[in-house]
Amino acid sequence: MASPHRSGGDSMNDRSDVIGAVSGPGDNPNEFLFVTPEDQAVKTGEFITYTVTVEGESRDVFARVTNREQIRGLPDTFLADPAVAPETIAATLGVPHDDTDLYQLTAMVIGYYDTMMSTFANPRQLPQTGTPLRIAPAEQLEAVLPNLGVDSTTADVTERDGLAHTGWLLNRPTGEVNIRMPIDEFASTHLAILASTGSGKSYTGGVLIEEMMLPSSRAALLIFDPHGEYDTLSEMQTHSAFEGDDGYQPDVVYFDEDRLRIRISELELGDIMAILDNPSDRMQERLAGGWRAMQNKDSRTWGVDELVEQMYTMYGEDDSSVGGLEWRLRRSIQRNELFQPEANVPLDEIVAAGQCTVLNMETLDSRNQQLIATVLLRRIYRERLNAMRGRESDIECPVFALFEEGHRFAPGSGSAPSIGILRTITSEGRKFGFGIGIISQRPSKIDQDVLSQCGTQITMKIRNPTDQEAIKKSVEAAGEDVLRELPGLTPGQAVLSGDAMNTPALVQIRKRLTDHGAGSLSATEQWSETYDRQQSQPVRSEPADFGGGESTGFEEL
Amino acid sequence: MTIETQPEDTHVDNCLALGSIVSSNSHLDYTVEIYKETDRERAPQIDEREFGQPVFIQKSVSGEPYLVMGVIYNTQLVDPDQGRTGPRLAQSDQGQFTPGYIEERTTLAGVALLGTARVTEDGLLTDPSHELPRWTLEVDDIVCQCPDELTKTFHMNDEGGLQFAYADRILNVGGPLGSDVLLSIIGRLRSMIADTDKNQRVLDVVEQNITWQAHTDRGVIR
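Just so it is clear, the structure is predicted and the values come from calculations on it, not from any experiment.

Asker: Run through the overall build of chain A, naming residues and quoting values.
Answerer: Scanning chain A for helices and strands turns up 16 helices and 20 strands. Based on the C-alpha atoms only, the size of chain A along its principal axes is roughly 105 × 70 × 55 Å. Within chain A, the proportion of its 557 residues that are buried is 51%. Restricting to contacts in chain A with at least 6 residues of sequence separation, those with at least 24 account for 71%. Accessible area of chain A: about 25,700 Å², with a carbon and sulfur share of 45%. Taken as two groups, the 49 positive and 86 negative side-chain charges of chain A have centres that lie 6 Å from each other.

What follows is the structure in structure tokens.
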């Protein structure tokens, strides 16, 4: 008979919370197998712990359950008749069937929490056969799963400031293990929220915005919203949860299309080239000359007229290329209300601590959306650079900019004027307090340089193999076990990984405090409502009233 | 010779005696010599001692009447004359010259034990147990044919379901014919319960499993 004192250093007296025992090493150097009976329902993704002695100190090593296989159970042949329960067959044949199922689970060692390094350290030794395993305690997981830099695994993190309560561990009961990501971490090393349509990416974005606008954080947020999905955020201004002791209440500012303007002198030559219709080489050369000359002038409030005049002065009144340029400039820039010689979006109005600014770009076409983003990002970046270098600056505090439909602003293929500045900010913005958040349902369509620089990832349900591949390639923290979870997630469930986490975790996103504005339209409901209304209205020529739906663009239907 | 067939009587004392134990091969495996006309007034007919026939042996343990249940899982013919190649003494008017030992020809049956049960005051079977019988039978113990009603009771569990909890042992003791013994018992039980009984479907699955396993073991299915 086996000795009751197997290796693992645990005595027999307190084994009530033991869920299984190690049966041996797994296929992979960091994997081990353990066996557990049926009544211990250990789910995949569950965090378990065991104790090892590392350099004379007893350490709790965390491991994640990655696979579950049945090693003993009733044979499949007992299932031959769906109307007869396999247990009945077992009872008939005298085969034991109560609590006899045995499962072998695979677990991946994450490591013990090294308080010196404030992260997990791999003990580089697998637990010995027979080592008892326990479910990791909730308080410990709350302290060590996110990258909070706690100095002890028993630290209480519930009252800490600057944390974004994102949700709770999916494997545990609602609210048992709350995951609070450090805002500083993802706001400086950038964030990506990747999920297919309808799996809750905007919702998750909303949750993070709320967390960042709480009195404990008071962030300076800028949201590039191409769909007008964030109009419900204004509720934060009156919601009691956002009220600070000192009278703080977040400011939510909406910038609509008519206030979104680009001062022509803020554009760069490359931007202009991208807007113009197929300019010839000679035209490009002429434009470059004229543009440089205008940039060197003191005045920053010049328009197309002044630019064209400058080029005629430089290249002669009868220069045909300048003529062609004039026609193109007037068509693409002068007739577009977005571009103005003087008007500009005042930075101090859109960026301030405790203010969440939503740039509602719903009615702009995607080229104009990109240009607005390009110019604003460039200006904010310049100001942040000034601020960090001690020069006069309009923006004194760090900024976090969130891009809904991120693939529009940083597309992986084709050209977008905003790619350059986004690449710059994602690779260097960290030093200047400029963080970017990208929300997208098509990771494969995002520029890989931008995506790979997003240090923290919230990945939700993604079935498309191309998109999964893109995540695998560009997201460092996305291990195989994370990718395997993606197709099986349901809306509201996410994998948190990257800089803000010490190890990836499967999380149920918490409920939003404010309403969610981006739900799908109920087409059938609206059809029948409209039909009823039309029936009750005898005069057919009257315009149909579609009612005040939350969503977009009804008035134009 | 005519044998009057008695109506089936389910009282254990009235059951037809099939033979007596002559030896054993193991704790579970006994050899029974089947009675002949010379042994008993009412000798068992060929279909009353057939392969798969459930049997019982009455046993008194500490004054309590018990039944040790078994099944005929094998048969063997014994003819001491077999193999003799010496000169035949038979004449044309005498089919066989049989000086004495023709009566020594006999039929042996292998009986495997299935379990035990208690006997009620009415001589019926109760408390069936499919566990290994602990008691040893003795030479000359009488083996009786088990009537269908008792066989059925023996195979019912408390919840009204069927049970063959001895299945693993019978497959082992029965050797190459183990599965056929079980299938034969299943066949008997099938005819004892109504066609609409839910246990019919359970029997289907069990039968299928055993047949499949037997075919696999014998190399029909690979």
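Asker: Run through the overall build of chain B, naming residues and quoting values.
Answerer: Along the backbone of chain B there are four helices and seven strands. Starting at the N terminus and walking to the C terminus, you meet the elements of chain B as β-β-β-β-β-β-β-α-α-α-α. Counting all 222 residues of chain B, 42% fall into the buried class. For chain B, the accessible area works out to roughly 12,400 Å², and carbon and sulfur atoms hold 46% of it.

Asker: Run through the pattern of salt bridges, naming residues and quoting values.
Answerer: In a structure, side chains of opposite charge can pair up when their charged atoms sit close to one another. All names here are of chain A. Enumeration according to the criterion identifies 34 salt bridges over all chains in this entry. Notably, a salt bridge pairs R512 with E210, separated by 3.5 Å at the nearest N-O pair. Linking R512 in the loop between strand 20 (505–509) and helix 16 (523–536) with E210 in helix 4 (residues 201–213), this pair joins segments that are 302 residues apart in sequence. Given a relative accessible area of 7%, R512 falls into the buried group.

Asker: Could you give an account of the environment of B:P147, naming the residues involved and the relevant values?
Answerer: When you line up the elements, B:P147 lands in the loop between strand 7 (142–145) and helix 1 (148–154). Sequence separation between B:P147 and B:L108 is 39 residues; the distance between their C-alpha atoms is 21 Å.

Asker: Give me the lowdown on the packing of helix 10 (residues 366–388) of chain A against helix 12 (residues 418–432) of chain A, citing residues and values where you can.
Answerer: Residues and elements named next belong to chain A. Packing of helix 10 against helix 12 brings their axes to within 10 Å, and their N-to-C directions diverge by 25°. With respect to helix 12, the element helix 10 is oriented roughly parallel. Here the hand of the crossing between helix 10 and helix 12 comes out left-handed. Mapping the contact onto sequence places Q370, T374, L377, R378, Y381, R384, L385 and M388 in helix 10 and S418, I421, L422, T424, I425, E428, G429, K431 and F432 in helix 12. Class assignment of the residues belonging to the contact of helix 10 with helix 12 gives a composition of eight nonpolar, five polar and four charged.

Asker: How would you explain the sheet that holds strand 17 (residues 434–440) of chain A if you had to name every residue and give the values?
Answerer: Residues and elements named next belong to chain A. A sheet is described by the order of its strands in space; here 11 strands give the open sequence 9-8-20-19-18-10-17-16-11-15-12, paired in mixed fashion. Each edge of the open sheet carries a strand with a single partner, namely strand 9 (178–182) and strand 12 (251–255). Across the sheet, the mean angle from the axis of one strand to that of its neighbour is 25°, orientation sign disregarded. Inspection of the sheet shows strand 11 (residues 220–225) paired to strand 15 (residues 355–360) by six bridges, in the parallel sense. Paired with I223 across the bridge in strand 15 is V358.

Asker: Which residues make up the pairing of strand 3 (residues 54–61) of chain B, and what values do they have?
Answerer: Residues and elements named next belong to chain B. Counted residue by residue, strand 3 has six buried out of eight residues, so it is predominantly covered. The pairing of strand 3 with strand 4 (residues 64–78) spans eight bridges and is antiparallel. Bridge pairing in strand 4 links S60 to P65. Connecting the antiparallel pair strand 3 and strand 4 is a turn made up of two residues, with S62 showing a positive phi of about 50°. Pairing of strand 3 with strand 7 involves three bridges; the strand directions are antiparallel. Bridge pairing links I57 to V143 in strand 7.

Asker: Can you tell me about the packing of aromatic side chains, naming the residues and giving the values?
Answerer: All names here are of chain A. Here the structure, examined in full by the defined rule, presents 13 aromatic pairs over all chains. Each ring, one from F224 and one from F403, has its centre 4.3 Å from the other, and the planes form 5°; the classification is stacked. Here F224, found in strand 11, pairs with F403, found in strand 16 (residues 399–403); they are 179 residues apart in sequence, far enough to count as distant. Neither residue differs from the other here; F224 and F403 are each classed as buried. Ring centres of Y381 and F432 lie 5.6 Å apart, and the angle between their planes is 90°; this geometry places the pair in the edge-to-face category.

Asker: Tell me about empty space enclosed by the protein, residues and numbers included.
Answerer: Residue and element names in this part refer to chain A. Scanning the entire structure with this criterion turns up one cavity of 30 Å³ or more. Its boundaries defined by the atoms lining it, the largest cavity holds a volume of some 40 Å³. Those elements giving two or more residues to the lining of the largest cavity turn out to be strand 10 (191–194), helix 4 and strand 16. Per-element accounting of the lining of the largest cavity gives the leading share, four residues, to helix 4. Taken together, the residues of the lining of the largest cavity sort by class into eight nonpolar, one polar and no charged.

Rules of the game
- Position labels on residues start from 1 in each chain and follow its written sequence.
- In the order they appear in the text, chains get letters beginning with A and ligands get numbers beginning with 1.
- Local features in this predicted model are restricted to residues of pLDDT 70 or higher, and side-chain atom pairs are both shown and tallied only at a pLDDT of 80 or more, whereas totals for entire chains, interfaces and linings draw on every residue.
- Heavy atoms from the whole structure form the basis of all side-chain values; hydrogens and water molecules are not counted.
- The helix and strand labels rest on DSSP assignments: H or I over at least four residues marks a helix, E over at least two residues marks a strand, and numbering proceeds from the N terminus.
- For every residue, the accessible area (1.4 Å probe, protein chains only) is compared with the maximum for its type, and the residue is labelled buried under 20%, exposed over 50%, or partly exposed between those bounds.
- The contact criterion used is simple: two residues touch if any of their non-hydrogen atoms lie within 4.5 Å.
- Surface accessibility in these figures is a Shrake-Rupley result with a 1.4 Å probe; residues are shielded only by whichever protein chains are displayed.
- Positive charge is attributed to Lys and Arg, negative charge to Asp and Glu, and no charge count is given to His or to the chain ends.
- For the purpose of locating charges, the reference atoms are NZ of Lys, CZ of Arg, CG of Asp and CD of Glu.
- Any carboxyl oxygen of Asp or Glu that lies within 4 Å of a side-chain nitrogen of Lys or Arg is treated as forming a salt bridge with it.
- Axis lines are fitted through C-alpha atoms, for helices just across the contact stretch, and the angle between N-to-C directions can take any value from 0 to 180 degrees.
- Relative orientations are named as follows: roughly parallel for angles under 35 degrees, roughly antiparallel for angles over 145 degrees, roughly perpendicular for angles from 65 to 115 degrees, and oblique for any other angle.
- Note on convention: the crossing is left-handed when the near helix lies turned anticlockwise from the far helix by less than a right angle, right-handed when the turn is clockwise.
- Residue type decides the class: Asp, Glu, Lys and Arg count as charged, Ala, Val, Leu, Ile, Met, Phe, Trp, Tyr, Cys and Pro as nonpolar, and the leftover types, Gly among them, as polar.
- A pair of strands is considered paired only if DSSP assigns at least 2 bridges between the two.
- By convention, a stacked pair of Phe, Tyr or Trp rings (six-membered ring in the case of Trp) has centres within 6.5 Å and planes under 30 degrees apart, an edge-to-face pair has planes over 60 apart, and any other such pair is tilted.
- The rule is simple: put a 1 Å grid over the protein atoms alone, call a set of points where a 1.4 Å probe fits but cannot get out a cavity, call an open set with protein on both sides within 12 Å along at least five of seven lines a pocket, and count a residue as lining if it has an atom within 4 Å of a point.
- Grid points are joined across faces, edges and corners, and a volume is the space filled by probe spheres set on the points.

By themselves these figures say nothing about function.
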